[in-house]
Amino acid sequence: MSTIFAKIIARQAPADIVYQDDLVTAFKDIRPLAPVHILIVPNKEIRTVNDVTPEDEQMLGHMFVVAKQVAAEMGIAETGYRLLVNCGGDAGQEVYHLHMHLLGGRRLGPVLARRD
Ligand code: AMP
C-alpha cells in the first residue's frame, strides 16, 4: 500500500521539496519538531528498516550524503543536527515508507528520556 510519501515523490501531492534525484527525495516535514525538519525518503517504496535488502545499500548510503548536503544548505552543518529513523510501532513510525528525519536549528535535548 502506497503512502502519501509516494504521491509527494511523484509530485502528485503538495510538499516543499528541497532536493530530489533518481534515488531519494527530501522535503520539509509538515509538522516540524525543530526549526529545520526535513524528511529524506527513498524514491523506492520500502516500508521499514526491516524491509531493506543488500541491493538497497547504495541508496541507503546516499541518504546520508543527501542529509549532509541538505544540512549544509539549511545552515546547520556546524551547529549540529540529528538524523533519526523510526522502525515500527514501538518507535512510533507513522508513515510506512522508510524515511530519515533531519532535525536541527535548536538544541535538541536527549534522544530518549530515562525511565528510571
Ligand atoms: P515517523 O513517525 O517517523 O513515521 O514520521 C512521519 C513524519 O511524516 C511525521 O513527522 C509527520 O509530520 C510527517 N508527515 C506526514 N505527512 C506528511 C506530509 N504530507 N508532508 C510532510 N510531512 C509529513
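The coordinates are above.
Model, not experiment: these values are computed from the prediction. Residue positions are given per chain, counted from 1 along the sequence in the order it is written. pLDDT decides what is reported in this predicted model: residues at 70 or higher carry local features, side-chain atom pairs at 80 or more are listed and counted, and totals for whole chains, interfaces and linings draw on all residues regardless. Only heavy atoms go into the side-chain values, all of them from the structure, while hydrogens and water stay out.

Considering the sheet that holds strand S4 (residues 81–84)
- Only strands that DSSP links by at least two bridges are regarded as paired with each other. For the purposes of this entry, the term helix denotes a DSSP run of H or I that reaches at least four residues, the term strand denotes a run of E that reaches at least two, and both are numbered from the N terminus. In spatial order, the strands read S1-S2-S3-S5-S4; together these 5 strands make up an open sheet with antiparallel pairing. Where the open sheet ends on each side, the last strands, each with one partner, are strand S1 (17–20) and S4. The sheet shows a mean angle of 15 degrees between the axes of neighbouring strands, taken without regard to direction.
- Of the strand pairs in this sheet, strand S2 (residues 24–28) and strand S3 (residues 36–42) are connected by 5 bridges, and their pairing is antiparallel. Each residue of the ladder has a partner; that of Lys28, found in S3, is Ile38. Note on definitions: angles span 0 to 180 degrees between N-to-C directions of axes, and those axes are lines fitted to C-alpha atoms, for helices only across the stretch in contact.

With respect to helix H2 (residues 57–73)
- One fewer than the residue count of a helix, multiplied by 1.5 Å, yields its expected span. An ideal rise of 1.5 Å per residue puts 24 Å on 17 residues; H2 measures up with 25 Å between its terminal C-alpha atoms.
- For every residue, the accessible area (1.4 Å probe, protein chains only) is compared with the maximum for its type, and the residue is labelled buried under 20%, exposed over 50%, or partly exposed between those bounds. Within H2, burial applies to Met59, Met63, Val66, Ala67, Val70 and Ala71. Axial view of H2: buried residues confined to an arc of 135 degrees, hence all on one face. Away from its buried face by more than 90 degrees, H2 exposes Glu57, Gln58 and Lys68.
- We call two residues in contact when some of their heavy atoms are within 4.5 Å. Buried residues along H2 sit in contact with S1, S2, S3, S4 and strand S5 (100–104).
- Positioned one or two residues after H2, Gly75 has a phi angle of 80 degrees, which is positive. Note that the arc is defined by the directions from the helix axis to the C-beta atoms.

Description of the packing of aromatic side chains
- Here is the rule: rings of Phe, Tyr and Trp (six-membered ring for Trp) pair when centre to centre is within 6.5 Å. Planes less than 30 degrees apart are stacked, more than 60 are edge-to-face, and the remainder are tilted. This structure, assessed with the given rule, holds 1 aromatic pair.
- With 5.2 Å between their ring centres and 75 degrees between their planes, Phe5 and Phe27 make a pair best called edge-to-face. Note that Phe5 is positioned in helix H1 (residues 4–9) and Phe27 in strand S2, a separation of 22 residues in sequence. Summarising the burial analysis for this pair, Phe5 and Phe27 share the class buried.

Some points on the environment of Val70
- Tracing the sequence through the fold places Val70 in helix H2.
- Looking at Val70, the relative accessible area reads 1%, which means it is buried.
- Sequence spacing of Val70 and Tyr19 is 51 residues, and the spatial spacing of their C-alpha atoms is 7.7 Å.
- With near-sequence residues (within four places) excluded, Val70 lies in contact with Val18, Tyr19, Ala26, Ile38 and Leu102.

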